[in-house]
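# Coordinate inspection notes
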Amino acid sequence: VMDAPPDKENCEPFVRIAALMQDAGLLVPRILDWDREQGFLLLDDLGTHTMMEVIDRERAEANLPLYKRAIDALLLWQQASRPGVLPAYDEALLQRELALFPDWYLAQHRALTLSEAQRQMLDQTFALIVQRNLAAPQVYVHRDFMPRNLMMPADAAEPRLGVLDFQDAVYGPVTYDIASLMRDAFLSWEEDFVLDVTIRYWEKARKLGVLDHEDWAQDFGAFWRAVEWMGLQRHLKVAGIFARLTLRDGKANYLADAPRFIGYIRATAARYRELAPLLHFIDEVEGLQAASGWAFGRT
């Protein structure tokens with residue numbers, strides 16, 4: 001039973017998107033009954049264990065079957081995409097999310113007042129990030145597609161992972177959810193495993209016509225670069241969100257994961273000449289040396 005008072009939470013997107021996902025073939029909670037006025041919902045119970053809870057953090061390859069099931073769910077969702085059904089993940093929304101980084105991580109957490117030159121650099125960098133990401137094909141985007149929101153089904157014979165926390169889904173870049181899955185907010189993998197899973201996604205997605213854009217279907221490198229730029233937007237956003245959750249909402253454990261995101265940001269920025277000013281700025285803010293390699297380390 002879900003208790004979501006209407007004055008505190010609007011359940012309409014959850015109910016509507018659950019139906020979209022179910023029609024697409026995903027395993028999501030069925031809405032058995034909904035008292036719209038009082039905010040009660042009767043739902044299927046998808047089980048008690050998330051994918052995150054059963055992951056082997058010490059042996060990446062042991063988790064490959066789980067990640068392949070996650071890819072299958074993601075591709076079902078993306079194949080069902082139609083424009084005009086979900087809100088657009090447009091320039092305005094991408095920019096609002098990026099603004100969380102200077103507003104909360106820099107100003108509130110680091111107590112940093114930006115100089116005019118720093119503000120201009122961030123504005124120019126953010127504009128480039130948004131431009132790169134909006135060039136990608138558009139699909140349904142879960143927006144938080146990661147092991148904490150994927151459920152191990154109660155029925156061991158059920159091959160599909162359950163999907164939760166989809167009420168903020170949008171229509172946006174095809175690169176977003178795979179970046180979210182492999183550059184997790186609470187778990188980091190070495191680059192070889194990230195590449196392995198991403199290539200498996202790419203192989204299936206291109207055969208299904210999901211990656212019909214420029215040379216993406218033939219050139220994994222081109223797709224990988226787009227995933228990195230999309231991941232960079234998410235990492236900057238989440239660093240700001242985690243600072244806000246800690247400083248405004250009193251959830252101290254979130255900001256403890258901030259170094260993971262700074263590591264993601266620095267490693268990506270170190271790979272692209274256009275992002276060198278951002279890397280230099282982050283290193284100054286964090287008091288760090290130049291980034292090398294991709295992985296932040298398994299933590």
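Residues numbered from 1 in each chain as written. Predicted model: local features only at pLDDT ≥ 70, side-chain atom pairs only at ≥ 80, totals over all residues. Heavy atoms only, no water.

For the structure on display, the rule yields 19 salt bridges. Between R30 and D44 there is a salt bridge whose closest N-O contact spans 2.7 Å. One end of the pair, R30, is in the loop between α1 (12-24) and β2 (31-35); the other, D44, is in the loop between β3 (40-43) and α2 (51-54), and 14 residues separate them in sequence. Assessed through its relative accessible area of 41%, R30 is described here as partly exposed. Note on D44: relative accessible area 23%, which makes it partly exposed. (Salt bridge = Lys/Arg side-chain N within 4 Å of Asp/Glu carboxyl O. Helix = DSSP H or I, 4+ residues; strand = E, 2+ residues; numbered from the N terminus. Buried < 20%, exposed > 50% of the residue type's maximum accessible area, 1.4 Å probe, protein only.)

So, about the sheet that holds strand β1 (residues 2-3). With antiparallel pairing, three strands are arranged side by side in an open sheet as β1-β3-β2. Two strands close off the open sheet at either side, each with one partner strand: β1 and β2. The sheet contact formed by β2 and β3 spans four bridges and is antiparallel. When the bridges of β3 are listed, W34 appears paired with L41. Running at roughly 160 degrees to β2, α1 makes contact with β1, β2 and β3 of the sheet. (Pairing = 2+ DSSP bridges. Contact = heavy atoms within 4.5 Å. Axes fitted to C-alpha atoms, helices over the stretch in contact; angles between N-to-C directions.)

A few words now on the side chain of S188. Following the sequence through the fold, S188 ends up in the loop between α7 (176-182) and α8 (191-207). A polar contact is formed between the side chain of S188 and the side chain of R260, at a distance of 2.8 Å. Polar side-chain contacts of S188 include one of 3.2 Å to the side chain of Y264. (Polar contact = N/O pair within 3.5 Å; in protein donor to acceptor, adjacent residues only side chain to side chain.)

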